Amino acid sequence: FRSPLNGRYLVAVFIASAILLHVLSTFSEPMKILQLGGGGPETRTVHYGDDVAFWTWKNQFMRLNRTGRIDGSGRLSTPEEFPRSWIWEHFIIEDQDPRRWWSGNSTPVRFGDNVYLRSWKVSWLSPYDDGTVREGVRGPWERLTIESADPQAQAGAPVPYGAHVYLKTWRGTYLSDPNNQAAFVQVPKPDSTCILTIFDRYGQGQEVDWASRGTAT
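Small disclaimer: the values here were computed from a predicted structure and weren't measured.

Reading the values: rules and limits
Residue positions are counted from 1 within each chain, in the order its sequence is given. With the structure being a predicted model, the display of local features is reserved for residues of pLDDT at least 70 and the display and counting of side-chain atom pairs for 80 or more, all residues being used for whole-chain, interface and lining totals. Values shown for side chains rest on all heavy atoms present in the structure; no hydrogens or waters enter the calculation. We define a salt bridge as a side-chain nitrogen of Lys or Arg found within 4 Å of a carboxyl oxygen belonging to Asp or Glu. Only protein chains enter the accessibility calculation, which uses a 1.4 Å probe; a residue whose area is less than 20% of its type maximum is buried, one above 50% is exposed, and one in between is partly exposed. Helix and strand definitions here come from DSSP, where helices need a minimum of 4 consecutive H or I residues and strands a minimum of 2 consecutive E residues; each element is numbered from the N-terminal end. Strand pairing is assigned whenever DSSP detects at least two bridges linking the two strands.

Attention shifts here to the pattern of salt bridges. The full count for this structure, using the stated rule, is 10 salt bridges. Between Arg 63 and Asp 71 there is a salt bridge, with the nearest N and O atoms lying 2.7 Å from each other. Just as Arg 63 is buried, Asp 71 falls in that class too.

Here it is as structure tokens:
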């Protein structure tokens, strides 16, 4: 006598084994793919609440150092080399509206939005009257406008990871990583020293290298 239950069990084991073999085969080689969503490839956009990093023209990441000044990190060959142990270079992008900020707004960030950048010290990036850029307490002076460095970009369009951006202060100046000094300053008009490339917390833009993240999800 052969129980139908045993037959179903064997079929279930066979199907589960086939699925497992398929999953394992997809991880047999390092993966570097465009993040998928909604059933197909789509642009990775920056959202409020994201942990982001800003890559400068000097091959450094913008950071808040131990003394409270904004400067550049150590030089790297590529942003993908972003060490996992670095924390000074991380910023949380926050909504300017305190009600939406406290409620955990996670909508896409758009060009022209006013934002705040919260540091690893739970302080905010702040442009000072003397032209320096340091840490401060969240308030009107810490508000920044995120603008596209691409003249063809549309105002109001979602900000994609890997985009070249300017950070404009409340007084109309722009954050700059000048050639002749380590610390960031403010300049009246945007130039090449003001261009920042926005990456995720792993130093990645549109292409996601899951293997280097140490995760497959």
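A few words on the pairing of strand S7 (residues 91-95). Within S7, five of the five residues are buried, which leaves it mostly tucked inside the rest of the structure. Residues of S7 alternate between two faces, with Phe 91, Ile 93 and Asp 95 on one and Ile 92 and Glu 94 on the opposite face, all of them buried. Bridge analysis of strand S4 (residues 51-55) against S7 gives two bridges, and the strand direction is antiparallel. Residue pairing across strands places Asp 51 opposite Ile 92, the latter belonging to S7. Looking at chain direction, S7 and strand S8 (residues 114-118) are connected through four bridges and run antiparallel. Across the sheet, Ile 92 pairs through a bridge with Arg 118, a residue of S8.

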